[in-house]
Amino acid sequence: MYTDIVEKIKEFNTIVIARHVGVDPDALCGQLALRDSIKLTFPDKKVLAIGSGSAKFGQIGKLDKTEVVENALLIVVDTPDVKRVDSVDFSQFAYKIKIDHHPFVEKYCDMELIEDEACSACEILMRLILNTDLKCNKEIAEKLYMGLVSDSNRFLFNSCTSETFALVSKFVGDYALDLGSMYQRLYLRPLSEVRLEGYISSNMVVTENGLAYIKITDQIINEYEVDSAAAGNMVNNYNYIKEVIVWATITEDVKNKQIRVSIRSRGPQINLLAEKYGGGGHKMASGAKLKTFDEAMKLMKELDLLVKEYKESCEAV
Ligand code: AMP
């Protein structure tokens, strides 16, 4: 399918690259890298990477303004379902392509490249570039590397395979990537966030079964002078705690009038339960947007049962 994608790219003069709401580095780096690779390969084409930005990821690269386009190709990266696509009027596009590494949710594009074993959307894009005429340079390779590193939580997840390392080795080697400068762009954070991490570590509830969760209210967010998105993303910092199998942050987002739940697991599959609450995601990294803390606590109860059943099933073996 890699060559079919590039054949479609050749057919269109205008190409728009979108991704999911709640931007993260894999989605952002993926869309920017694909945009820049297409521009480098086909300099006469108009290629836009669109969606709401985030000041936090400003160091990674710049998005384009959404424009009215005609007879254009849409490529959506890192987004399994249409309701999570950010800022796209689907009626404007003559052809649509999805490139994604989430478990399949629904078909909403004409052509869909889904590699749900890949650790990140950027891993798929690395393969796409290596297996086609699409060109690459150091800046593009940097973005692909940053997206991959971020979504695999620095190679912590089982979704990293020998092929992941082979791809990374090739891009790091061929483009002489400077890891230190990329990690600065991805991970440099204010002291206020580290202090909030301390608060979470000290105050997370840990159940007998091994579920850890923390409510991060608007009051706490203001007290620690962080933003709600940064607070929710801290869920990624609590892996490999002996007593904790599944863990979640429950973050109040007053601006968007929602409670964002982010869940991670090193045991049971959690995405089906997240889907039950209107969310979704990967088997071991999922999320949902809820209306109230009460609803979030119901989800925690069900998660706790899931961990209990998982532990019992492990003991039975
Ligand atoms: P997060 O915890 O927000 O970093 O999200 C982890 C994973 O769950 C990502 O793959 C997201 O795409 C997915 N996810 C988060 N929130 C939602 C949601 N409301 N609906 C569907 N998937 C979600």
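Residues numbered from 1 in each chain as written. Predicted model: local features only at pLDDT ≥ 70, side-chain atom pairs only at ≥ 80, totals over all residues. Heavy atoms only, no water.

Some points on the side chain of D151
Within the fold, D151 resides in helix 4 (residues 138–151). Although buried, D151 forms no salt bridge, and the nearest oppositely charged side chain, R264, lies 7.4 Å from it. Non-local contacts of D151, meaning those with residues more than four positions away in its chain, are made with D24, D26, H101, C119, S120, F157 and H282. (Helix = DSSP H or I, 4+ residues; strand = E, 2+ residues; numbered from the N terminus. Buried < 20%, exposed > 50% of the residue type's maximum accessible area, 1.4 Å probe, protein only. Lys, Arg positive; Asp, Glu negative; His and termini not counted. Salt bridge = Lys/Arg side-chain N within 4 Å of Asp/Glu carboxyl O. Contact = heavy atoms within 4.5 Å.)

Considerations on the sheet that holds strand 2 (residues 46–49)
Spatially, 2-1-3-4-5 is the arrangement adopted by the five strands of the open sheet, whose pairing is parallel. Sheet topology places strand 2 and strand 5 (111–114) at the edges, where each strand pairs with a single neighbour. Taking the axes of each pair of neighbouring strands and ignoring which way they run, one obtains an average angle of 15° across the sheet. By the bridge criterion, four bridges tie strand 1 (residues 14–18) to strand 3 (residues 72–77) in an arrangement that is parallel. Bridging from a neighbouring strand, I15 pairs with L73 of strand 3. (Pairing = 2+ DSSP bridges. Axes fitted to C-alpha atoms, helices over the stretch in contact; angles between N-to-C directions.)

What about the site of the ligand?
Looking at the ligand, there are 14 residues lining it, with R84, H102, R260, S262 and R264 nearest. Interatomic distance of 3.4 Å between a side-chain N/O atom of H282 and an oxygen atom of the ligand. Between the ligand and G287, the relevant distance is 3.3 Å, taken from an oxygen atom to a main-chain nitrogen or oxygen of the residue. For the ligand, whose unbound accessible area comes to 480 Å², protein coverage reaches 86%. The set of elements that each furnish at least two residues to the shell around the ligand consists of strand 9 (258–265), strand 10 (280–281) and strand 11 (285–290). It is strand 11 that contributes the most residues to the shell around the ligand, five residues altogether. Taken together, the residues that form the shell around the ligand break down as two nonpolar, eight polar and four charged. (Near = heavy atom within 4 Å. Polar contact = N/O pair within 3.5 Å; in protein donor to acceptor, adjacent residues only side chain to side chain. Areas by Shrake-Rupley, 256 points an atom, 1.4 Å probe, with all protein chains shown as cover. Nonpolar A, V, L, I, M, F, W, Y, C, P; charged D, E, K, R; others polar.)

Regarding the pairing of strand 9
With respect to burial, strand 9 is a largely interior element, seven of its eight residues being buried. Inspection of the sheet shows strand 8 (residues 246–253) paired to strand 9 by eight bridges, in the antiparallel sense. Across the sheet, A248 pairs through a bridge with I263, a residue of strand 9. Between strand 8 and strand 9, which pair antiparallel and follow one another directly, the connecting turn spans four residues, one of which, K257, has a positive phi of 50°. With six bridges joining them, strand 9 and strand 11 adopt antiparallel strand pairing. Bridge assignment links I259 to a residue of strand 11, and that residue is L290.

Details of empty space enclosed by the protein
Rolled over the atoms, a probe with the dimensions of a water molecule shows which regions are left empty. What the rule picks out here adds up to one cavity of 30 Å³ or more. The computed volume of the largest cavity comes to approximately 40 Å³. Lining the largest cavity are I200, M204, A212, Y213, I214, V235, Y238, W247, A248 and T249. Of all the secondary structure elements, the ones that give two or more residues to the lining of the largest cavity are strand 7 (211–216) and strand 8. (1 Å grid on protein atoms, 1.4 Å probe; cavity = no way out; pocket = protein on both sides within 12 Å on 5 of 7 lines; lining within 4 Å. Points joined across faces, edges and corners; volume = space filled by probe spheres on them.)

Some details on the pairing of strand 2
Each regular strand shows side chains that alternate between the opposite faces of the sheet. With four bridges connecting them, strand 1 and strand 2 associate as parallel partners. Directly across from V16, in strand 2, lies its bridge partner L48. In this region the chain leaves strand 1, passes through helix 2 (residues 25–41) and returns to the parallel neighbour strand 2; the handedness of that crossover is right-handed. (Right-handed = clockwise from strand over helix to strand, strands pointing away.)

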